[in-house]
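Overview (structure and organization)
Listed here are the chains, written in short residue letters.
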Amino acid sequence: MNNLLKKILEVLEQNGPLKAKKIALILDPTRTEVTHKHVSSVLHQELKLNLKGLHQDEQYVWEYKKPAITTISFDSTSNWLSASNIENSLRKYPNLLSLRNNVIFDFSNKSLFLDCILKILSLTSQLIKVGSTVTLKFDKDSDSISYLSRCGFFDKIHKDVIVLPYLPEVSLAKIYNANSENLCEIISITKDDDDSYLLRLAELIKAKLSDEDKKILLSKLRTFIGELVGNVRDHGLSDIDGFIALQIYSSGKIIIAISDSGAGLINTDVVPLIRPLNLVL
């Protein structure tokens, strides 16, 4: 933000709404260094760039309201966050998806389970859609950054989401994609996909099942997962993808997480749906 714009916005916050001529007069009573043309030029440029909180009415009066900042942190005693932890925190902000503000998710000292990761993907996309600015804050040396890169989170996140302290330059998911017996990286569910990724999910699950369980469970699981994916594809918001991913933990638990930005969620202020399928073998 350049110095003149900063001064103009300060004037609007303290004295607005105002026309450009009045703003210029406040900034420079002599009208030698700052004129209404300077003010108009700067503000119209920012209006084209969609500066949040800036507005001009039909009478050419300018108004600026700094977007509110909502910081969402997590008081869970566990270092690991699941989708339910996200949901519990979001209950404090029932109108989050109906407001245009700056939303900061503070994941300091926290690691994220797969269902939590997919919920954040869908939720951040919805927040960007309604015009909010979204920031995800992690610890500099957090293991979460590496895992998020490995599972493909940063490849799928909306390009306008701000990641602190940094966004990894290299995607571990792209380097090691499909090269794990315990992880199926995050896959977008779109109206045009061909379901080929369901075969990989089935292969990973099959490798962990006993011969008896393969006969009893595998076919049913494939059908069930296929129906869930089909529901996401058919009923999700047209311009917000759903997501699916799988993680097999050392305990033998298999987590298949499916996120769904279902139709009407934004209008009804309901957070994205997560359908985690938990299998313990």
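For the structure itself, consult the block above.
What comes next concerns the included structure. Because the structure is a prediction, the values reported are computed rather than measured. (Residues numbered from 1 in each chain as written. Predicted model: local features only at pLDDT ≥ 70, side-chain atom pairs only at ≥ 80, totals over all residues. Heavy atoms only, no water.)

1. Examining the overall build of the protein chain
Note the threshold: A helix here means a DSSP run of H or I that spans at least four residues, while a strand means a run of E at least two residues long, and both kinds are numbered starting from the N terminus. Atoms counted for the radius of gyration: C-alpha only. Globule rule: 2.2 Å times residue count to the power 0.38. By definition in these notes, contact holds between two residues if any of their heavy atoms fall within 4.5 Å. What sets the accessible areas is the Shrake-Rupley method with a 1.4 Å probe; for residues, cover comes only from the shown protein chains. As used throughout, the charge tally considers Lys and Arg to be positive and Asp and Glu to be negative, leaving His and the chain termini uncounted. By convention, the charge on Lys lies at NZ, on Arg at CZ, on Asp at CG and on Glu at CD.
A tally of helices and strands in the protein chain yields 10 helices and 14 strands. Computed over C-alpha atoms, the radius of gyration of the protein chain comes to 24 Å, more than 25% over the 19 Å expected from 2.2 N^0.38 for 281 residues, which places it beyond the range of a compact globule. With the C-alpha coordinates of the protein chain rotated into their principal frame, the extents come out at 85 × 40 × 35 Å. Taking the contacts inside the protein chain whose residues are at least 6 apart along the sequence as the reference set, 65% of them involve residues at least 24 apart. For the protein chain, the computed accessible surface area is about 15,300 Å², with 49% contributed by carbon and sulfur atoms. The distance from the centre of the 34 positive side-chain charges to the centre of the 34 negative ones in the protein chain is 4 Å.

2. Side note on the sheet that holds strand β2 (residues 54-56)
Definition in use: Any two strands with at least two DSSP-identified bridges between them are counted as paired.
An order of β1-β3-β2 is seen for the three strands of this open sheet, with the pairing classed as antiparallel. In this open sheet, the two strands that pair with only one neighbour each are β1 (18-19) and β2. As paired strands, β2 and strand β3 (residues 61-64) are joined by three bridges and run antiparallel to one another. Bridge pairing in β3 places H55 opposite E63.

3. Considering the sheet that holds strand β9 (residues 162-164)
Across a sheet, strands are paired by hydrogen bonds formed along the backbone, either parallel or antiparallel in direction. Which entries qualify depends on this criterion: Note on definitions: angles span 0 to 180 degrees between N-to-C directions of axes, and those axes are lines fitted to C-alpha atoms, for helices only across the stretch in contact.
Spatial strand order, β4-β6-β8-β9: four strands in an open sheet with parallel pairing. On the outer flanks of this sheet lie β4 (69-72) and β9, each paired with one strand and no other. With strand direction ignored, the average angle separating the axes of adjacent strands in the sheet is 20°. Where strand β8 (residues 133-137) meets β9, three bridges bridge the pair, whose relative direction is parallel. For K137, the partnering residue across the bridge sits in β9 and is L164.

4. Brief notes about the pattern of salt bridges
Filter applied, for reference: The salt bridge definition used is simple: a Lys or Arg side-chain nitrogen within 4 Å of an Asp or Glu carboxyl oxygen. The buried label applies to any residue whose accessible area, calculated with a 1.4 Å probe on protein chains only, is under 20% of its type's maximum; exposed applies above 50%, and partly exposed to all values in between.
For the structure shown, the criterion picks out five salt bridges. K65 is paired through a salt bridge with E63; the nearest N and O atoms lie 3.6 Å apart. Overall, the relative accessible area of 58% leaves K65 in the exposed class. Exposure remark for E63: the relative accessible area of 27% places this residue in the partly exposed category.

5. Observations concerning the nonpolar core
For clarity, the cut-off: By nonpolar core is meant a set of buried Ala, Val, Leu, Ile, Met, Phe, Trp, Tyr and Cys residues that side-chain atoms within 4.5 Å join together.
In terms of nonpolar packing, the biggest core is built from 37 residues, with F105, F107, L136, F153 and I186 touching the most fellow members. Per element, the largest residue contribution to this core is nine residues, and it comes from helix α5 (residues 114-129). Those residues in contact with I186 that sit more than four places away from it in its chain are I117, L118, L121, C151, G152, F153, K156, F243, I244 and A245. Of all hydrophobic cores here, the second largest spans 20 residues; its members include I205, L218, I225 and L246.

6. Description of the environment of V170
Locating V170 in the fold gives a position in the loop between β9 and α8 (172-176). A C-alpha to C-alpha distance of 27 Å links V170 and N102, two positions 68 residues apart in sequence. Setting aside anything within four residues of it in sequence, one finds V170 in contact with S149 and I175.

7. What about the side chain of N101?
Locating N101 in the fold gives a position in the loop between α4 (83-90) and β6 (102-106). Residue classification places N101 among the buried residues on the basis of a relative accessible area of 4%. Dropping the residues within four chain positions of it, N101 is found in contact with P67, A68, T70, S132 and T133.

8. Quick look at the packing of helix α1 (residues 3-15) against helix α3 (residues 36-48)
What counts, and what does not: Any angle between 65 and 115 degrees counts as roughly perpendicular, while under 35 counts as roughly parallel, over 145 as roughly antiparallel, and the rest as oblique. Residues are sorted three ways: Asp, Glu, Lys and Arg are charged, Ala, Val, Leu, Ile, Met, Phe, Trp, Tyr, Cys and Pro are nonpolar, and all the rest, Gly among them, are polar.
As a packed pair, α1 and α3 sit with axes 10 Å apart at the nearest point and diverge in direction by 90°. Relative to α3, the element α1 is oriented roughly perpendicular. Note on element contacts: α3 touches α1 through H38, V39, V42, L43 and E46, opposite L4, L5 and I8. Partitioned by chemical class, the residues of the contact of α1 with α3 number six nonpolar, one polar and one charged.

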